[in-house]
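Now for the letters of each chain:
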Amino acid sequence: MHSDDDAVAIVAMECRLPQVTDVDEFWQRLVDGHTAVTDLTDDQVAAAGVPAAQRSRPDYVKRAGVLDGVAEFDSGYFGYSQREADVLDVQQRLMLEKSVALLERANIDPQRTDQRIGVFAGSGMSTYVFGALRRPDLVESLGEMLVRHGNDKDFLATRISYKLNLRGPSLNVQTACSTGLVAVHSAVQSLLLNECDAAVAGAVYIRVPQESGYQYQVGGVLSPDGVCRPFDAGANGTLFTNGLGLVLLKRLGDAIADGDRVYAVIAGSAVNNDGAQKVSFTAPSVSGQVAVLREALEISGAEPGDLDYLEAHGTGTALGDPIEIEAIKQAFGTEGAPCGIGSLKGNFGHLNIAAGIVGLIKAALVLDRGYVPPTVNVREINPALELEGSRYYVTTEGRELDPGRTHWVGVSAFGMGGTNGHVVLRSHEPQPAGTAEPREATAPSEATDAGGARPSILTFSARSESALRGQGAALAAHLAADPDASLAEYARTLREGRTRHPYRAALAAVNPAEAVARLKAERYHTGAAADADGLAFVFAGQGTQRPGMGAGLAAHDEGFARRLAEASAAVDARTGFRLSDLLDAGKQGGSTDITDTAVAQPLLFAVEYALATALLDAGVTPRYLFGHSLGEIVAATVAGVFDLPAAAELVATRARLMSRCRPGAMLAVTDLDPFAELVGDGTLVVAATNSPRQLVLSGSHAGIEKAIARAGEVGVQHQQLATSHAFHSPLMQDAADEFLAFLKTCEFRAPRIPVVSNITGRLLTEYEARNPHYWAEHLVRGVDFAGSVDTLRELGVDRFVEIGAGRSMSNLVRTNFAAAGAAAPALAQTLGEPEHEAESFADALALGWAADPEVSVEEYSTAGRMTALPTYAFDRLVHWVEPSLGFAVDADAAPATPPAPTPAPSGPAQQPGGAAPAAVEEENGAAEEIRQIVGQIFESFLGGSAASADLGFFDLGGNSLMAIQLINKLRETFQLDLSVRDFYENSSVSGTADVITALLLEEPAHV
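Predicted model, so just to flag it, every value in this text is computed and none were measured.

Peer 1: Teacher, can you tell me more about the pattern of salt bridges here?
Peer 2: A pair can form between side chains of opposite charge whenever their charged atoms are brought close. In this structure the tally under the stated criterion is 43 salt bridges. A salt bridge links Asp137 to Arg135, with the shortest nitrogen-to-oxygen separation between them at 2.8 Å. Given a relative accessible area of 34%, Asp137 falls into the partly exposed group. Owing to a relative accessible area of 30%, Arg135 belongs among the partly exposed residues under this scheme. Glu766 is the salt-bridge partner of Arg770, the closest N and O atoms lying 3.1 Å from each other. Here Arg770 falls in the partly exposed class, since its relative accessible area comes to 42%. One continuous salt-bridge network, built from bridges that share partners, spans Asp24, Arg261, Asp368 and Arg369.

Now the structure itself:
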């Protein structure tokens, strides 16, 4: 990879380790130099199923690295039934959840992206399946195949691809302890071959029950005290722990073009195998390691002296560490600039399958954070490493990296069986000391003007209501901790970089503090599945107009400004004034009287039409429309009963005719009974029934004065309205007659969106909508707003967007729902308070998005880049089958223990010239018995035919792991200390028997 064209970027990372839930916690533990391996209590080990006789042995090590919460899983997120989730391997569960988090770290929605995302992953053999297979009820109900598939590591990568809709190559990688790093190498090759555009790569290892500890075996790789000491003089073994690591990779050019954060650049990687040129299958090879290190470095284009730090395999074993250091010195040379060597196994133990990938994550963080953490558990450097006089040193203390230059780091992982992996990383675009990467210029969505700060719409979703609340709480906490955050970046990230789930929430805010307050109080709009059918627009009537209405919103929202200009032009052509001038004048306190009916109604019509059509343009699609008086005319226009020019002419004519009628007055009251007589004799009429406790009387000034007097007498709350006429009363009849004549010249159409009549309170029929008499009677008939709300509530509407200025319609809707004993509806206003018009309209869009995620909120989430946000708040439940201690021996099936050997006699010492005949015969008999017992033990490991030959253990097919087991079996059987060296040098049955016989003759067995 001699150029960036052949480089791959690490753009996101995830991990789960003992006492660590994410990358930030992982890094902090490394920096602090803390270990995550803990002591186990006897009760914990007993609960794991370890027999008392075994756990009470002095060589049983009660130490482990434990992952919390492995029994918990969000089965609903991934569409699993409870039973199927119960038997799914815990490793695969964790990989599913962390793969979701990884993609969210990279701000990729796999459901909407056109990127081909590959998966390259490996896991340990499932030990969880042992418990499941011992549950006949589960096997019978689910079937053996499903149980096996849920635990077979062959299906790990493809399961992730299927559940997350990833369409790139999906490959399982299995190379023992180098699996995670080899998975990364495979992903790199796939990216460079253009097989995919992004790749998930990593590995997981979780052995259950986690609290079981282990049996120490002399000469084995496991530590006798459960402490891993990489490169220490006292290094005496490792311990295997549980963990997961994942990275998301992209070609470097793509990552830069996408605006991704680049933690580190993979400049070169290589994989090879030791072949047969080593002591045994499980033994490491210097030559194999040297070759893989050199190849990766050559591919990277770096020189050996460029390397600043090496994250070694570093298992803390007496054999492994010196071999690895020797390979490093041969591969990269001993002279040149200092190069640190470290290993995280002192902190977390040997993470088995996941060791290499977690080492890579650490190395990437070293470059990203510019700091090398200390390697722990090192008191004295192992002299066998022979580092004195070389350029290499063990990083026993943390150190800062020079921020002014490019840094190079190597990562190694070596798998049992000889598959070696090495990756060379370099830092990305280093900045000169004392400088930081410049922040992008403020995006248009964060600009401010006289209309105030531009709001942002935050949208988030989940697979359940409780998870949705968890998402909101996580966002609130994250935003509260980052008060200088760009709300627009949050909005864009949530809109583009997160998967849309059935349960949705949205809110509008102008600054982080407001957003935090609303998130914490759960004051956001919510929706689930297809909720659009429950949405209605309610159009305000005359009396809600105000100076400059809509001007603040027009300054922020191009869509509304365009629609307002369109409506204003239609009205201007049919009135004696220009609405654009009126809005500007009103905003500046002009002298135009907007309470004049001839002015108010065209003004309201233009603004409300622009508000409604702007929402429609954004995708907010109401199921129903209704309005209060004039508001129904606007609703009918939006529904298509009138086209815009015809509607503008109709409204201008209506307003002009109504303004010429005889003066009158109107009175709002809370109870109609005291005025029954006045209504009955025709003095007054009920102009509007806004709610059961809010009615409006209309009539002459004299009639209203009588009503005011009566209200005072009986103590009824009342308020005279600021109107010049008695609307919706017989005093409007002259206007209605002239209006009818005009209407007969108009063209009417059937409404495309159902409209609720404020005359009848029912759905407007096509006959009514196309009947001139209906619209003429509109002027004299009362408004049944309460009936309209009841009709919509019964139709299932529980979301209302108020089209107009203020909150009067919203308050009336809320009051009617409360009067009916119904749950409070969701409400939003398009033009709330004058100083918050843009935020109010954005809130209406947010309500629309919660009902239908296809609603466009892009104009309120247009930051120049995305940012890092919390990942999905999984709604985890316990899915657990009590695990069985893997490979437990069935006592009934166990072969008989070989008979104890006859101790060597302690008779008279051998005399010069030969032993006594009886003593020799007795010794020969004992030697033969020992040989037979050794042969039986060999047969139990190798099989009878193999063990019968007088060949070495390794020639018979044994390996070093089996050798350690066999040696310990021999030690237990003969109760003596057989050294590994003695066995390796005399590994046939006869050779081993001779060594044991000699040891027994030299020192009687202890009984």
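Further notes follow.
Peer 1: What am I meant to see in the pairing of strand β8 (residues 198-205) here?
Peer 2: Two faces belong to every sheet, and in a regular strand the side chains alternate between them. The buried fraction of β8 is high, at eight of eight residues. Here β8 shows two buried faces, one formed by Ala198, Val200, Gly202 and Val204 and the other by Ala199, Ala201, Ala203 and Tyr205. Here strand β6 (residues 117-123) runs beside β8; their pairing, made up of seven bridges, is parallel. By the bridge assignment, Ala121 is partnered in β8 with Gly202. Sheet analysis places β8 next to strand β10 (residues 243-251), joined by eight bridges and oriented antiparallel. Bridging from a neighbouring strand, Ala198 pairs with Lys250 of β10.

Peer 1: What's the story with the packing of aromatic side chains in this structure? I'm lost.
Peer 2: Two numbers describe a pair of aromatic rings. These are the distance of the centres and the angle of the planes. Inspection of every chain in the model, using the stated rule, returns 25 aromatic pairs. Each member of the aromatic cluster is reached from another via a ring pair, and the members are Phe73, Tyr77, Phe78, Tyr80, Tyr872 and Phe874. In this structure, Lys163 packs its charged tip against the face of Tyr80, placed 4.2 Å from the ring centre. For Arg463, the ring lying beneath its charged end belongs to Tyr77, and the centroid distance is 4.5 Å.

Criteria and thresholds
- Residues numbered from 1 in each chain as written.
- Predicted model: local features only at pLDDT ≥ 70, side-chain atom pairs only at ≥ 80, totals over all residues.
- Heavy atoms only, no water.
- Salt bridge = Lys/Arg side-chain N within 4 Å of Asp/Glu carboxyl O.
- Buried < 20%, exposed > 50% of the residue type's maximum accessible area, 1.4 Å probe, protein only.
- Helix = DSSP H or I, 4+ residues; strand = E, 2+ residues; numbered from the N terminus.
- Pairing = 2+ DSSP bridges.
- Phe/Tyr/Trp six-rings, centres within 6.5 Å; stacked < 30°, edge-to-face > 60°.
- Lys NZ or Arg CZ within 6 Å of the ring centre and 35° of its normal.

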